[in-house]
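The chain contents come next:
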Amino acid sequence: MLVYIHVPFCRTRCNYCAFHSIPLGGGVESAASPLLRDYVDTLLLELAHWGDRLNGAAVQSVFFGGGTPSLLPPRIVGIVLERLARCFTLSSKAEITLEANPESLRGGQSVQQYLAAGVNRLSIGIQSLDESMLRLLGRPHRAQDSLHAVFTAREAGCANINMDLMWGLPGLSVRQWLQTLKDAVRMSPDHISAYGLTLEPGTPLERD
Ligand SMILES: C[S@@+](CC[C@H](N)C(=O)[O-])C[C@H]1O[C@@H](n2cnc3c(N)ncnc32)[C@H](O)[C@@H]1O
Ligand code: SF4
């Protein structure tokens, strides 16, 4: 079984995104943020509830998706995984993925702490390595931050890295897209997820 854990917080909202998430602005790092605390308390209860209802079913895969799961401090991710292991039968070989945004992965120390907490795969939201496209998408990071995040994750010992990229963006030429792909491949990720843009109703990009 796969357990998907949605972390519904982001620093800011990107122009194209319709995933459920609450923009927390500057106060996100604080584990004491009341919203974050309520979320974690409720998540721990949900895990106990579903573990009970599903008789501690075997889990081969855990995915922290978002939103921006890398806004959760590693200590909290560790507590969530401990609860999961107590309520379900978590395989020792389980793939445990955390979605991370480049700007929130600046320090190698936090990657090491996520790995120590049990995460063994990072899915990093690169989206584009073209500065004009990053601005159009409303991403809060630069291409350099992405390169640095992947490099840092590798250096810190993460053996399984996915990069999310987006294509079909307004004004993105085939030449720019190929350049982004070449730059991405040069970073030797284990996997690339390439998403064609969906213009989601009500988003700023769709309105534009
Ligand atoms: C759950 S989202 C969020 C991951 C993470 N918060 C981030 O932004 O890097 C996972 C991926 O879906 C893709 N995505 C989100 N909205 C999209 C859209 N409207 N069209 C195509 N891909 C989209 C992006 O590549 C994103 O990295
Ligand atoms: S793309 Fe990622 S960071 Fe941007 S608003 Fe959506 S979930 Fe948040």
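For the structure, see preceding data.
Residues numbered from 1 in each chain as written. Chains lettered and ligands numbered in written order. Predicted model: local features only at pLDDT ≥ 70, side-chain atom pairs only at ≥ 80, totals over all residues. Heavy atoms only, no water.

### What to know about the site of ligand 2
Stated precisely, the cut-off is as follows: Note on definitions. A residue lies near a molecule or strand when any single heavy atom of the residue is within 4 Å of it. Gly is placed with the polar residues, together with every amino acid not listed as nonpolar (Ala, Val, Leu, Ile, Met, Phe, Trp, Tyr, Cys and Pro) or charged (Asp, Glu, Lys and Arg).
With respect to spatial proximity, the complete set of residues near ligand 2 consists of C10, T12, R13, C14, Y16, C17, G66, G67, T68, N101 and R139. Class assignment of the residues belonging to the shell around ligand 2 gives a composition of four nonpolar, five polar and two charged.

### Notes on unusual backbone geometry
Test applied: Secondary structure elements are taken from DSSP: a helix is a run of H or I of four residues or more, a strand is a run of E of two residues or more, and numbering for both begins at the N terminus. Three labels apply to residues, based on accessible area from a 1.4 Å probe with only protein chains included: buried if under 20% of the type maximum, exposed if over 50%, partly exposed otherwise in between.
The linkage connecting G66 with the following residue, G67, adopts the cis geometry, with an omega of 15 degrees. Mapped onto the fold, G67 is located in the loop between β4 (58-66) and α2 (74-87). One non-glycine residue, N55, adopts positive backbone phi at about 50 degrees. Mapping N55 onto the fold places it in the loop between α1 (34-53) and β4. Of the residues examined, N55 reaches a relative accessible area of 70% and is grouped as exposed. Despite not being glycine, S188 has its phi angle at roughly 50 degrees, a positive value. Mapped onto the fold, S188 is located in the loop between α6 (174-186) and β8 (191-196).

### Focus on the nonpolar core
Which entries qualify depends on this criterion: Nonpolar cores were defined as sets of buried Ala, Val, Leu, Ile, Met, Phe, Trp, Tyr and Cys residues, with membership established by side-chain atoms within 4.5 Å. The contact rule is simple, with two residues in contact once any of their heavy atoms fall within 4.5 Å.
Among the nonpolar cores identified, the biggest contains 58 residues, and I5, F64 and L122 are the most heavily contacted of them. Apart from residues no more than four positions distant in its own chain, I5 is found in contact with Y39, L43, V62, F63, F64, G65, V80 and L84.

### A look at the sheet that holds β8
Applicable threshold: DSSP-based pairing: two strands are paired if at least 2 bridges between them are found. For helices, the axis comes from a line fit to the C-alpha atoms of the stretch in contact; other axes are also lines fit to C-alpha atoms, and the angle between any two N-to-C directions lies between 0 and 180 degrees.
Ordered by their spatial adjacency, six strands build an open sheet running β1-β4-β5-β6-β7-β8, and the pairing between neighbours is parallel. The sheet terminates laterally at β1 (2-7) and β8, the two strands that pair on one side only. Neighbour-to-neighbour, the strand axes of this sheet turn through a mean angle of 20 degrees, independent of strand direction. The pairing of strand β6 (residues 121-127) with strand β7 (residues 161-167) spans five bridges and is classified as parallel. Among the inter-strand pairings, I124 is bridged to a residue of β7, identified as M163. Helix-sheet contacts for α2 involve β1, β4 and β5 (89-100), and the interaxial angle to β4 is about 150 degrees.

### A look at the environment of L90
Tracing the backbone through its elements, the reader meets L90 in strand β5. Of the residues examined, L90 reaches a relative accessible area of 25% and is grouped as partly exposed. Residues L90 and S61 lie 29 residues apart in sequence; the distance between their C-alpha atoms is 8.4 Å. Sequence-distant contacts of L90, that is, excluding residues within four places in its chain, are made with V59, V62, L84, A85 and I96.

### Regarding the site of ligand 1
Using the following cut-off: Residues adjacent in sequence count toward polar contacts only when both atoms are side-chain atoms; beyond that, a polar contact is any pair of N or O atoms within 3.5 Å, and within protein one must be able to donate a hydrogen and the other to accept it. The protein chains shown are the only cover counted for residues, whose accessible areas, like all others here, come from Shrake-Rupley with a 1.4 Å probe.
Taken together, 17 residues sit near ligand 1, with G66, G67, Q127, R139 and D164 positioned nearest. With respect to ligand 1, the backbone of Y16 contributes an N or O atom lying 3.1 Å from a nitrogen atom. Separating an oxygen atom of ligand 1 from a side-chain N or O atom of R139 is a distance of 2.7 Å. The protein chains hide 92% of the 560 Å² of surface that ligand 1 would expose on its own. Among the residues making up the shell around ligand 1, the classes are represented as five nonpolar, eight polar and four charged.

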